[in-house]
Amino acid sequence: MVAQSASIGATQLDRYFARDIFPNFPFRNRHWLAVAFDRQAFPSRMPRWFFDLLVQTYTPTRAPISIYARNPDGTEPAWWRHDVPLEWSAYESVVTGENSTAEFRMLDPLGRWACWSTNEVTVWGGEAEDMMIIYERMGGRDRVRQSMFNSLHAYAAHLPSLAKYVRGLVDAAGRE
């Protein structure tokens, strides 16, 4: 069950997230790697198989993950925090249920990963060592890069260099 807690200030989220989800790397930790999905392709913002892969990679802790949903009417408080277990049903109830909003951000209680979803795209980022495990389970870094490029191609008009953006998600050396 989802437990809605008190509102939070944007500065708490600013510790994990950069200013824009694109065209720059969307996380403050520049050493992280990431995977992006076309948000429109999945009612739950990401495919179930990917979420299951995350659960396998990041051993769930007793501490709940936090999903921060933007207040849809734009009034204060700007964000509401929902603390849920790292389980598909709990995640899905927040991002597709009556509490869902156009934008949300999700954090690991141990600070190893974060997720940012907007109307267009969902980007999951994490520590390079863990993300390399995920890339390998997805068929390797090159396959992940090509899959993201194909998936996000509809947004090329918003991203002057989609290939550069995708490369920057999977390779820290590919960022400026």
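Computed from a predicted model, the values in this text were never measured in an experiment.

(A) Representation of the environment of Pro43. Positionally, Pro43 belongs in the loop between β2 (33-38) and α2 (48-57). Assessed through its relative accessible area of 67%, Pro43 is described here as exposed. The spacing of Pro43 and Thr96 is 53 residues in sequence and 6.9 Å in space, taken between C-alpha atoms.

(B) Spotlight on the nonpolar core. Counting 52 residues, the largest nonpolar core has Val35, Met46, Phe50, Tyr91, Met106, Val123 and Trp124 as its most contacted members. Aside from chain neighbours lying at most four places away, what touches Phe50 is Val35, Phe37, Trp124, Ile134 and Met138.

(C) Just the packing of α2 against helix α4 (residues 128-137), in detail. Viewed as axis vectors pointing N to C, α2 and α4 meet at an angle of 135 degrees, and their least axial separation amounts to 10 Å. Taken together, the axes of α2 and α4 lie oblique to each other. At the point where α2 passes α4, the crossing takes the right-handed sense. Judged by residue contacts, Phe50, Leu53, Leu54, Gln56 and Thr57 of α2 engage Asp130, Ile133, Ile134 and Arg137 from α4. A per-class count over the contact of α2 with α4 returns five nonpolar, two polar and two charged.

Reading the values: rules and limits
Along every chain, residues carry numbers that run from 1 in the direction the sequence is written. Totals for whole chains, interfaces and linings use every residue, but because this is a predicted model, local features are given only for residues with pLDDT of at least 70 and side-chain atom pairs only at 80 or more, for both listing and counting. Excluded from the side-chain calculations are hydrogens and water; all other atoms, namely the structure's heavy atoms, are used. In this description a helix means any DSSP run of H or I spanning at least four residues, a strand means any run of E spanning at least two, and both kinds are numbered starting from the N terminus. Burial classification: accessible surface area is computed with a 1.4 Å probe over protein chains only, and a residue below 20% of its type maximum counts as buried, one above 50% as exposed, and the rest as partly exposed. Among the buried residues, those of types Ala, Val, Leu, Ile, Met, Phe, Trp, Tyr and Cys that are joined through side-chain atoms within 4.5 Å form a nonpolar core. In what follows, residue pairs with any heavy atoms lying within 4.5 Å of each other are defined as contacts. Here, axes are lines fitted to C-alpha atoms. For helices the fit covers the stretch in contact, and angles between N-to-C directions go from 0 to 180 degrees. Comment on the angle field: the value is read as roughly parallel under 35 degrees, roughly antiparallel over 145, roughly perpendicular from 65 to 115, and oblique elsewhere. Crossings are assigned a handedness: left-handed for a near helix turned anticlockwise from the far helix by less than a right angle, right-handed for a clockwise turn. Residue type decides the class: Asp, Glu, Lys and Arg count as charged, Ala, Val, Leu, Ile, Met, Phe, Trp, Tyr, Cys and Pro as nonpolar, and the leftover types, Gly among them, as polar.

All we've got here are geometric facts, nothing functional implied.
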